[in-house]
Amino acid sequence: MISIGEKGICRLSVIPVRAEASDSSEMVTQLLFGDHYAVTELSKDSKWIKIKIYYDEYEGWIDAKQYYFITDEYFEQIINSDYKICTDLTANILYQKSLLPVTIGAIIPISTNEIFKIEEQLGFNGEAKSLSARRDFEFLRNITLKYLNAPYLWGGKSPFGIDCSGFTQIVFKICGYNLKRDASQQVEQGKLVEGLENALPGDLAFFRNEHQKVIHVGILLENQEIIHASGKVKIDFLDENGIFNAEQKGYTHYLIDIKRVLA
């Protein structure tokens, strides 16, 4: 029986996190393999559990059948260990004597800690980097390009479906920087850059709707280009007005702020 306050971890490739306790409810984000969380609420029929994700404090509901219990001690071990993050677009993990596919951004708990040895039986020979090491723009740019043509998916965080802020969050996570989940939260982070002429590759560009509300985000590249998730992850031209789409021959997003997160 699941209890409020228990801890869990994602032990599937991807788990949808929904706004309400229903399969038909909007997906607000996803858990990737290795994401850990706390249980904050149970549905009346106990078929759904509300969770708070440790990494970004985002909350939502997951199917109780996809819940995987871990001890409080192991939860703390995850927080305090320098685990690896998968940088292969896709890879396989040998997990409990079976192959499990994972995607870029999955947390690979490679550790010699005794708790880890007891809790998990895992083998991984793909490409992974330290989760805590901060990377430079060249590394970040190479990670962004791995997502090119990934389809847009509201709430998505994987190369098989991703939204604009999920894209920026996971790219910066791989590079050692912690961003919140939504564009409206991310715009509150980092250092404000005054004007596009002062922007650098790797800066975050934010875009508004007609009510001046932040609704979109992307990552600046060189030569006035931006990579962002809109329909798919793609590269477009950016000027002081916003994103200009050559195919549509017009602006699709209107610039409101630029923030610098890369050190």
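Fair warning: this is a prediction, and the values are worked out from it, not measured in the lab.

The rules we used
Residues numbered from 1 in each chain as written. Predicted model: local features only at pLDDT ≥ 70, side-chain atom pairs only at ≥ 80, totals over all residues. Heavy atoms only, no water. Axes fitted to C-alpha atoms, helices over the stretch in contact; angles between N-to-C directions. Helix = DSSP H or I, 4+ residues; strand = E, 2+ residues; numbered from the N terminus. Parallel < 35°, antiparallel > 145°, perpendicular 65-115°, else oblique. Left-handed = near helix turned anticlockwise from the far one by under 90°. Contact = heavy atoms within 4.5 Å. Core = buried A, V, L, I, M, F, W, Y, C linked by side-chain atoms within 4.5 Å. Buried < 20%, exposed > 50% of the residue type's maximum accessible area, 1.4 Å probe, protein only. pLDDT = per-residue confidence, 0-100. Lys, Arg positive; Asp, Glu negative; His and termini not counted. Salt bridge = Lys/Arg side-chain N within 4 Å of Asp/Glu carboxyl O. Polar contact = N/O pair within 3.5 Å; in protein donor to acceptor, adjacent residues only side chain to side chain. Pairing = 2+ DSSP bridges. Arc of directions from axis to C-beta. Phe/Tyr/Trp six-rings, centres within 6.5 Å; stacked < 30°, edge-to-face > 60°. Lys NZ or Arg CZ within 6 Å of the ring centre and 35° of its normal.

Structural notes on the packing of helix H3 (residues 137-146) against helix H4 (residues 164-174)
Line of reasoning, step 1. Contact geometry of H3 with H4 gives a least axis separation of 10 Å together with a crossing angle of 135°. On the basis of their axis angle, the class for H3 and H4 is oblique. Considering how the two elements wind past one another, H3 and H4 form a crossing that is right-handed. Of H4, the residues touching H3 (which contributes Phe 139, Leu 140, Ile 143 and Thr 144) are Phe 167, Val 171, Phe 172 and Ile 174.

Overview of the nonpolar core
Line of reasoning, step 1. Counting 39 residues, the largest nonpolar core has Tyr 147, Phe 167 and Phe 172 as its most contacted members.
Line of reasoning, step 2. Mapped onto this core, the elements with two or more residues apiece are helix H1 (72-80), H3, H4, strand E17 (204-208), strand E18 (214-220) and strand E19 (225-230).
Line of reasoning, step 3. In terms of residues, this core owes the most to one element, H4, which gives 6 residues.
Line of reasoning, step 4. Beyond its immediate sequence surroundings of up to four residues, Tyr 147 is in contact with Ile 104, Ser 158, Pro 159, Ile 162, Phe 167, Ile 170, Val 171, Ile 174 and Val 233.
Line of reasoning, step 5. Listed in part, the 15 residues of the second largest apolar core include Ile 2, Leu 31, Tyr 58 and Ala 64.

Considering the confidence of the model for the chain
Line of reasoning, step 1. Averaged over every residue, the pLDDT of the chain is 93; the share at 70 or more is 95%.
Line of reasoning, step 2. A low-confidence stretch, residues 113-118 stays under pLDDT 50, and its non-local contacts, those more than four residues away or across chains, total 10 contacts.

Let's talk about the side chain of Asp 56
Line of reasoning, step 1. Position of Asp 56 relative to the elements: it lies in the loop between strand E5 (48-53) and strand E6 (59-63).
Line of reasoning, step 2. Within the buried set, Asp 56 has no salt-bridge partner at all; the shortest N-O distance to an opposite charge, 4.6 Å, is to Lys 157.
Line of reasoning, step 3. Among the polar contacts listed, one links the side chain of Asp 56 to the backbone nitrogen of Tyr 58, at a separation of 3.0 Å.
Line of reasoning, step 4. If sequence neighbours within four positions are ignored, Asp 56 has contacts with Gln 169, Leu 179, Lys 180 and Arg 181.

Quick word on the sheet that holds strand E10 (residues 98-103)
Line of reasoning, step 1. The strand order across the open sheet built from 3 strands is E10-E9-E12, with neighbouring strands paired in antiparallel fashion. Two strands bound the open sheet, and with one partner strand each, they are E10 and strand E12 (122-123).

Overview of H3
Helical geometry: 3.6 residues make up each α-helical turn, so side chains three or four residues apart lie on a common side.
Line of reasoning, step 1. Here H3 has its buried residues at Phe 137, Phe 139, Leu 140, Ile 143 and Thr 144. All buried residues of H3 project into a common sector of 155° when viewed along the axis, lining one side.
Line of reasoning, step 2. Residues of H3 that are buried make contact with strand E13 (128-130), H4, E18 and E19.

Quick look at the environment of Glu 222
Line of reasoning, step 1. On the secondary structure map, Glu 222 appears in the loop between E18 and E19.
Line of reasoning, step 2. Between the C-alpha atoms of Glu 222 and Asp 136, which are 86 residues apart in sequence, the distance is 14 Å.
Line of reasoning, step 3. When sequence neighbours within four positions are dropped, the list of residues in contact with Glu 222 reads Phe 137, Glu 138, Arg 141 and Pro 201.

Description of the pairing of E6
Line of reasoning, step 1. The buried count for E6 comes to 4 of 5 residues, which makes it a mostly enclosed element.
Line of reasoning, step 2. Strand direction decides the pairing type here: E5 and E6, joined by 5 bridges, are antiparallel. Bridged to Lys 52 within E6 is Glu 59.
Line of reasoning, step 3. Where E5 hands over to E6, the hairpin turn is made up of 5 residues, of which Glu 57 adopts a positive phi near 60°.

Some thoughts on the packing of aromatic side chains
Line of reasoning, step 1. Here the structure, examined in full by the defined rule, presents 7 aromatic pairs.
Line of reasoning, step 2. Relative to Phe 167, the ring of Tyr 147 lies with its centre 5.6 Å away and its plane at 75°, an arrangement referred to as edge-to-face. You can see Tyr 147 sitting in the loop between H3 and strand E14 (157-158) and its partner Phe 167 sitting in helix H4, a full 20 residues away along the chain.
Line of reasoning, step 3. Ring centres 5.3 Å apart and planes at 80° place the aromatic pair Phe 244 and Tyr 251 in the edge-to-face group.
Line of reasoning, step 4. Clustering of aromatic rings is evident, with ring pairs tying together Phe 244, Tyr 251 and Tyr 254.
Line of reasoning, step 5. Its end group placed over the ring of Phe 75, Lys 7 keeps NZ or CZ at 5.4 Å from the ring centre.
Line of reasoning, step 6. One residue, Lys 173, lies across the ring of Tyr 55, its end atom 4.2 Å from the ring centre.

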